[in-house]
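# An overview of the molecular structure
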Amino acid sequence: QVRLVESGGGLVQPGDSLRLSCAASGGTFNPTYTGWFRQAPGKERAFVAAIRWNGGHTYYADLVKGRFTISRDKAESTVYLQMDNLKLEDTAVYYCTAGRGILSTVARATSYTNWGQGTHVTVSS
């Protein structure tokens, strides 16, 4: 069973940047898509970004488009989320995920089978 481990969360101020990492280990890692979701207090888990593992096509939620960048290093089985110009509303637990879904469902949490434990991102002035 492949294990996903996120890192890079923390406390930052509005306008700051953070880079989240998610490393896969424990087996052959060759998903169709990997992605990031986030869950703010009292809210449901929401799609942030996804990347097609082979090919590198990227997809973003409208709320983060232009500020966040997802990328992956296939050789290291690692996916990244570069978050720039962070806003108060970006505060959430960020989860890395991977799965073999299809493009039309890339933003649905149910399309993914592997999840990390989450990393906290707090944006506060």
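Residues numbered from 1 in each chain as written. Predicted model: local features only at pLDDT ≥ 70, side-chain atom pairs only at ≥ 80, totals over all residues. Heavy atoms only, no water.

All right, on to the state of the cysteines then. Under the defined criterion, the tally for this structure stands at one disulfide. Between the sulfur atoms of Cys 22 and its disulfide partner Cys 96 the distance amounts to 2.0 Å. Torsion about the S-S bond of the Cys 22 and Cys 96 cystine: about -80°, corresponding to left-handed handedness. Of this pair, Cys 22 sits in strand β3 (residues 18-25) while Cys 96 sits in strand β9 (residues 92-99), and the two are 74 residues apart along the sequence. One exposure class covers both Cys 22 and Cys 96, and it is buried. (Disulfide = S-S within 2.5 Å. Helix = DSSP H or I, 4+ residues; strand = E, 2+ residues; numbered from the N terminus. Buried < 20%, exposed > 50% of the residue type's maximum accessible area, 1.4 Å probe, protein only.)

Put simply, the largest pocket is a space of about 250 Å³. As for the largest pocket, its lining consists of 15 residues, and the residues nearest its centre are Arg 38, Lys 43, Ala 46, Leu 63 and Glu 89. Listed by contribution, the elements that provide at least two residues to the lining of the largest pocket are β4 (33-39) and β5 (46-52). Of the residues that constitute the lining of the largest pocket, the class distribution is six nonpolar, two polar and seven charged. (1 Å grid on protein atoms, 1.4 Å probe; cavity = no way out; pocket = protein on both sides within 12 Å on 5 of 7 lines; lining within 4 Å. Points joined across faces, edges and corners; volume = space filled by probe spheres on them. Nonpolar A, V, L, I, M, F, W, Y, C, P; charged D, E, K, R; others polar.)

Taken as a whole, this structure holds three salt bridges when the rule is applied. Notably, a salt bridge pairs Asp 90 with Arg 38, separated by 2.8 Å at the nearest N-O pair. Highlighted residues: Asp 90 in the loop between β8 (78-83) and β9 and Arg 38 in strand β4, separated in sequence by 52 residues. Here the two residues Asp 90 and Arg 38 agree in accessibility, since each one is buried. Residue Lys 65 is joined to Asp 62 by a salt bridge in which the shortest nitrogen-to-oxygen separation is 3.2 Å. The burial state of Lys 65 is the same as that of Asp 62; both residues are exposed. When salt bridges that share partners are traced, they join Arg 38, Arg 67 and Asp 90 into one network. (Salt bridge = Lys/Arg side-chain N within 4 Å of Asp/Glu carboxyl O.)

Here strand β7 (residues 68-73) runs beside β8; their pairing, made up of six bridges, is antiparallel. Residue pairing for β8: Asp 73 is matched across the bridge by Thr 78. Where β7 hands over to β8, the hairpin turn is made up of four residues, of which Ser 77 adopts a positive phi near 50°. (Pairing = 2+ DSSP bridges.)

This part is about the environment of Gln 82. Within the secondary structure layout, Gln 82 lies in strand β8. The spacing of Gln 82 and Ser 17 is 65 residues in sequence and 7.4 Å in space, taken between C-alpha atoms. Here Gln 82 is in contact with Ser 17, Leu 18, Arg 19, Arg 67, Phe 68 and Thr 69, once residues within four sequence places are set aside. At 2.8 Å, the side chain of Gln 82 forms a polar contact with the side chain of Asp 84. (Contact = heavy atoms within 4.5 Å. Polar contact = N/O pair within 3.5 Å; in protein donor to acceptor, adjacent residues only side chain to side chain.)

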